Amino acid sequence: MADAHVSGVLERLTSIGLQVAENGVRLVVGANKEVEKLSSTFQTIQAVLVDAEKRQVKEQAVKVWLDKLHNVAYDIEDVLDEWNTAILKSQIETDESFSSLDPLPLVRWAPSSSISIPRLVKRRDIADKIKELNERLEAIEKEKDDYAFLVNPTRNNDLEPERPKTTYFIDVSEIHGRDQDKNTLISMLLSENNSEKMGIPIISIVGMGGIGKTTLAQMVYNQCELNTVLEKIHDSIVGKKFLLVLDDVWTEDERKWQSLKYCLNSGSQGSKILVTTRKENVATIMGCTKLFHLGKLSEEECWSLFSRIAFSQRNDREHESLADIGKKIAEKCKGLPLAAKTLGGLLRFKRTREQWQRILDSHMWELDEAENGLFSPLLLSYYDLPSPLRQCFSYCAVFLKDQKIEKDLLIKSWMAQGFLGETEGNKMEIIGGEYFDNLAMRSFFQEFEKDENDNSIIRCKMHDIVHEFAQFLRKTECFVASSNGYEKQRAACYGINVRHLTLTLDDEHFAIPDHVYSMTKLRSLLVDSSHSDRSSLNASLSILVDQFACLRILGLSDNRFRRQSSIEELPSQMGKLIHLRYLNLEGNRRLRNLPPTLCDLCNLQTLNIRSCSSLKGLPYGIERLINLRHLQNAETYGFKFMESGIQRLTRLQTLEEYVVGSAEIVGTSCSLGALGGLAHLRGNLKIIGLGNLSRMNEEAASRIPASVRRHLRRWNESSRQNKAEEAGLVNKTGLRNLTLII
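Bear in mind that the values here come from a model prediction, so they are computed numbers and not experimental data.

Undergrad: Would you mind showing me how to read the overall build of the chain here?
TA: Each helix and strand counted, the chain has 24 helices and 19 strands in total. Across the 742 residues of the chain, 56% fall into the buried class. The contacts in the chain between residues at least 6 apart in sequence include a share of 71% that link residues at least 24 apart. Total accessible area on the chain stands at roughly 33,300 Å², and carbon and sulfur atoms take up 49% of it.

This is how it looks when you write it as structure tokens:
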């Protein structure tokens, strides 16, 4: 994760150097050297990060050093983004046509007589900040020598979590809840079918770390009574029927598998290969003929496994005294055998109810035994991830436990945090989709809900233990807390270095806790006040905006869509949130207006105003949101027209509703013809108010794209037809569905 973070900062620093070299842009005096120095120091540090990230699990001092590095990297990102934003705003002000705006890469600006002296002073202030950050980074770079890190190690087995060697010896009496899975697999292995003529069938057991894949494979192997070690593979299987178990396969290099596969073709018909893996991609690469997704234990089976270990050598009185707490602890395992065994082993030596209650009240990642036993298999999966995916996975700690995670929201969140880079077109969204699929295939997500039309995943969940693992990775910077909960005290200890906060305001405590206001470097703030009256939140919004200037994501949605809990007004200071990329206001049914200062957020990528049914329209000056990619505005029934500036948002990919204004307001509204310039639109679009087209003059009608006009003509000829799919506009822009309404 640290490697990806540093790489992201280096990418932004490099973009400055490229612009200076290519365009001869002169930075503020001294800033150029400071930027070069930052890049050089980061590169030196980056060379040891592979070793440092592995050692942090066992060495607290290394973890502290990495935390310092993360904090200074965050601060450098903020300063560079502040600099880029100032330049971008200057471009907007000096380019009246808005046609040549290009906020990426970071610097494409030269001083002009129209730029005021205060702005130049501000850039000197930014240069001073970079110099101060350089001093902090140099101190961290010197400190690294105290730990004797290896430079770019390719592999260091002593530092990685140890994966136990697999044998076929196993005590079946210790296994609970897998008889049906065992019988199903044996049936697969013993079945005969014509497809076997095409080659040796491969059955893959796929599941998350710790769920019991190896144990099940051992049971099946022993059940089939094939206990001969395959020493000389080819010679020993010629003309013979065999079962080969390949346990915990990780490699996705098809060439390595092919060399073994060819060697196995000398076996007789009826031979089988059984593979266990955490990665569905591995099963596909190996040519798997049958896929067996291993599920969780039932509550009863999990309790049986847990209690057998936890209550070992206890008398009936102790069992009766602790059983009620024990069942609640077993429920925390959520059907994961490794969790039940780890916690059962931990509690075997704890005698009092107070000790058991402490375990029940604790997070998994706070227990040393869980870190060493339960998280070791997950650490193997985590270290196998490419560096960019590690930060994407660990960011999921910001969600509530057992929450349904919207795939679209998650990808937009990664984008807002800068995890997907900064690219044109829809490349960020495509990369985010690939990252999500990669994590899903590695069993980091589960319980998928899919789209009925194309079978794509739309939402998922994380297993509680995997969620705890993500919190373990981000335990100093990411918190999920209620206004009066335990996390409140822990979060207060980290204060200014907390970066991501999900805050639930409960029924009794309406106000945002005082300690939250000390977290001035927050990058994500997700407020759930749907269980309370939002009057206090309305009063607090101005303070929040003033305090949290570093925010990338601000979530103020009302998921219950209750009018009495809706935000009524956004503060006029919204323009201060210059780093903001994602603003979620969904479901605030009493929100009537968006402040004009919202249009100062030139970095904003996503604006979600879905179900803001009282909202009258978009603010004047919307064209200044030149980085806006997604306008989620479904069910905004108060809209009477679209603000004319929307036609200049040429990066827009999502536009859910487009309201055609009446003839009386056509001068201030955007005509239907403006859609022709939004070439990147995709997804679903509903065009409302087509009855107003009959009053449109010839000039306005001529600006409508020809493909759309043809479709509208057909729509007018048949009043029954109010829905069009794959129409002219769809073909032009990549929209999946176009709906037309009078």
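Undergrad: Please clarify how the pattern of salt bridges should be interpreted in this entry.
TA: Any two side chains of opposite charge can pair if their charged atoms end up close together. By the definition in use, this model includes 40 salt bridges. K279 is the partner of E252 in a salt bridge, and the nearest nitrogen-oxygen pair spans 3.0 Å. Note that E252 is positioned in the loop between β2 (243-246) and α9 (254-264) and K279 in the loop between β3 (272-277) and α10 (280-285), a separation of 27 residues in sequence. Its relative accessible area of 32% is what places E252 among the partly exposed residues. By relative accessible area, K279 is classed as buried at 5%. For D600, the salt bridge identified is with R624, shortest N-O distance 3.9 Å. Of this pair, D600 sits in the loop between β12 (582-584) and β13 (606-608) while R624 is found in the loop between β13 and β14 (630-632), placing the two residues 24 residues apart along the sequence.

Undergrad: Would you mind showing me how to read the sheet that holds strand β5 (residues 405-406) here?
TA: Adjacent strands of a sheet form backbone hydrogen bonds with each other and so pair up, either parallel or antiparallel. Here we have three strands laid out as an open sheet, ordered β5-β7-β6, and antiparallel in their pairing. Where the open sheet ends on each side, the last strands, each with one partner, are β5 and β6 (446-450).

Undergrad: Help me understand the packing of helix α11 (residues 299-310) against helix α12 (residues 316-332) in this model?
TA: Between two packed helices, both the angle of their axes relative to each other and the distance between the axes serve to describe the pair. Viewed as axis vectors pointing N to C, α11 and α12 meet at an angle of 120°, and their least axial separation amounts to 9 Å. In terms of their interaxial angle, α11 and α12 are classed as oblique. As for the relative orientation of α11 and α12, their crossing is right-handed in sense. Facing α11, whose interface residues are C302, W303 and F306, α12 presents A323, G326, K327, I329 and A330. Residue composition of the contact of α11 with α12, by class: six nonpolar, one polar and one charged.

Undergrad: Sorry, what's going on with the nonpolar core here?
TA: Soluble, globular proteins show a tendency: their nonpolar side chains are buried together. Ranked by internal contacts, the top residues of the largest apolar core, which has 84 residues, are F306, F393 and W414. When near neighbours in sequence (up to four residues on either side) are disregarded, W414 contacts C392, Y395, F419, L420, G432, Y435, F436 and L439. By size, the runner-up hydrophobic cluster in this structure holds 60 residues, among which are F479, M519, L525 and L652.

Undergrad: Just to check I follow, could you spell out empty space enclosed by the protein for this structure?
TA: If a probe as big as a water molecule is rolled over the atoms, it shows which places are left empty. Under the defined criterion, the tally for this structure stands at six cavities of 30 Å³ or more. Space inside the second largest cavity adds up to approximately 40 Å³. Along its surface, the second largest cavity is lined by M208, G209, L378, S381, R442, S443, F444 and V466. Partitioning the lining of the second largest cavity into residue classes produces four nonpolar, three polar and one charged.

Undergrad: Mind showing me how you'd approach the packing of helix α16 (residues 387-394) against helix α18 (residues 427-441) here?
TA: At a minimum axis separation of 10 Å, α16 and α18 run at an interaxial angle of 80°. If you check the angle between α16 and α18, you find them roughly perpendicular. Counted together, P388, L389, C392 and F393 of α16 and Y435, N438 and L439 of α18 form the full contact between these two elements. Its residues placed into classes, the contact of α16 with α18 shows six nonpolar, one polar and no charged.

Undergrad: When you look at α16 in this model, what are you seeing that I'm missing?
TA: Every α-helix carries 3.6 residues per turn, so stepping three or four residues along brings you back to the same face. By the criterion of burial, α16 is predominantly enclosed, with seven of the eight residues buried. Within α16, the full set of buried residues consists of S387, L389, R390, Q391, C392, F393 and S394.

Undergrad: Would you mind going over the confidence of the model for the chain with me for this structure?
TA: When pLDDT is low, close inspection of the predicted coordinates is not appropriate. Residues with a pLDDT of 70 or more make up 75% of the chain, whose mean pLDDT is 78. In the model, residues 20-25 has pLDDT below 50 throughout and makes eight contacts with residues more than four positions away in sequence or in other chains. Segment residues 226-231 is flagged for pLDDT under 50; beyond a separation of four residues in sequence, or across chains, it makes nine contacts in the model.

Undergrad: Which parts of the structure should I look at to understand the pairing of β3?
TA: One face of the sheet, then the other: side chains in a regular strand alternate in exactly this way. The element β3 is extensively covered by neighbouring structure, given that six of its six residues are classed as buried. Residue alternation in β3 divides its side chains into two sets, K272, L274 and T276 and I273, V275 and T277, and both sets are buried. Alignment of strand β1 (residues 202-206) against β3, held across five bridges, turns out to be parallel. What sits directly across from V206, in β3, is T277. Note that β2 and β3 share four bridges and pair parallel. Its bridge partner being in β3, L246 is matched across the sheet by V275.

Undergrad: Help me out: how do you make sense of the side chain of K279 in this one?
TA: A distance of 2.9 Å separates polar atoms of two side chains, one belonging to K279 and the other to D384. Setting aside residues no more than four positions away along its own chain, K279 makes contact with W250, E252, D384, M441 and R442.

Undergrad: Honestly, the environment of G673 in this entry has me stumped. Any pointers?
TA: Along the chain, G673 turns up in the loop between β16 (657-659) and β17 (683-688). Look at G673 and you get buried, because its relative accessible area is 13%. Separated by 26 residues in sequence, G673 and Q647 place their C-alpha atoms 9.0 Å apart.

Undergrad: Would you mind going over the packing of aromatic side chains with me for this structure?
TA: Remark: the centre distance and the inter-plane angle together describe each pair of aromatic rings, the angle taken between the planes. For the structure on display, the rule yields 17 aromatic pairs. With a centroid separation of 5.3 Å and 40° between ring planes, the pair formed by F311 and W356 is classed as tilted. Taken as a pair, F311 in the loop between α11 and α12 and W356 in helix α14 (residues 353-361) lie far apart in primary sequence, 45 residues in all. Residue classification places W356 among the buried positions, given a relative accessible area of 0%. Plain terms: the ring middles of F393 and F469 are 5.9 Å apart, the flat faces sit at 35° to each other, and that makes the pair tilted.

Undergrad: For this particular structure, what's the right way to read unusual backbone geometry?
TA: What you tend to see is this: most non-glycine residues have negative phi, and most peptide bonds are trans. Of note in the backbone geometry, E447 takes a positive phi value of approximately 50° without being a glycine. When you line up the elements, E447 lands in strand β6. Given a relative accessible area of 43%, E447 falls into the partly exposed group. Here the phi dihedral of E635 falls at roughly 60°; this positive angle occurs in a residue that is not glycine. Its location among the elements puts E635 in the loop between β14 and β15 (654-655).

Undergrad: What am I meant to see in the sheet that holds strand β4 (residues 290-293) here?
TA: On the basis of which strands lie adjacent, the open sheet formed by four strands has the order β2-β3-β1-β4 and parallel pairing. A single partner strand is all that each edge strand has here, and the edge strands are β2 and β4. Averaged over all adjacent pairs, the angle separating strand axes in this sheet is 15°, with direction ignored. The sheet contacts of helix α6 (residues 179-190) involve β1, β2, β3 and β4, and relative to β4 the element is tilted by about 175°.

Undergrad: Hey, could you run me through the side chain of R523 in this one?
TA: Here R523 lies in the loop between β9 (500-504) and β10 (524-528). Exposure remark for R523: the relative accessible area of 2% places this residue in the buried category. Looking at R523, its side chain comes within polar contact range of the side chain of D78, at 3.0 Å.

Conventions used here
Residues numbered from 1 in each chain as written. Predicted model: local features only at pLDDT ≥ 70, side-chain atom pairs only at ≥ 80, totals over all residues. Heavy atoms only, no water. Helix = DSSP H or I, 4+ residues; strand = E, 2+ residues; numbered from the N terminus. Buried < 20%, exposed > 50% of the residue type's maximum accessible area, 1.4 Å probe, protein only. Contact = heavy atoms within 4.5 Å. Areas by Shrake-Rupley, 256 points an atom, 1.4 Å probe, with all protein chains shown as cover. Salt bridge = Lys/Arg side-chain N within 4 Å of Asp/Glu carboxyl O. Pairing = 2+ DSSP bridges. Axes fitted to C-alpha atoms, helices over the stretch in contact; angles between N-to-C directions. Parallel < 35°, antiparallel > 145°, perpendicular 65-115°, else oblique. Left-handed = near helix turned anticlockwise from the far one by under 90°. Nonpolar A, V, L, I, M, F, W, Y, C, P; charged D, E, K, R; others polar. Core = buried A, V, L, I, M, F, W, Y, C linked by side-chain atoms within 4.5 Å. 1 Å grid on protein atoms, 1.4 Å probe; cavity = no way out; pocket = protein on both sides within 12 Å on 5 of 7 lines; lining within 4 Å. Points joined across faces, edges and corners; volume = space filled by probe spheres on them. pLDDT = per-residue confidence, 0-100. Polar contact = N/O pair within 3.5 Å; in protein donor to acceptor, adjacent residues only side chain to side chain. Phe/Tyr/Trp six-rings, centres within 6.5 Å; stacked < 30°, edge-to-face > 60°.

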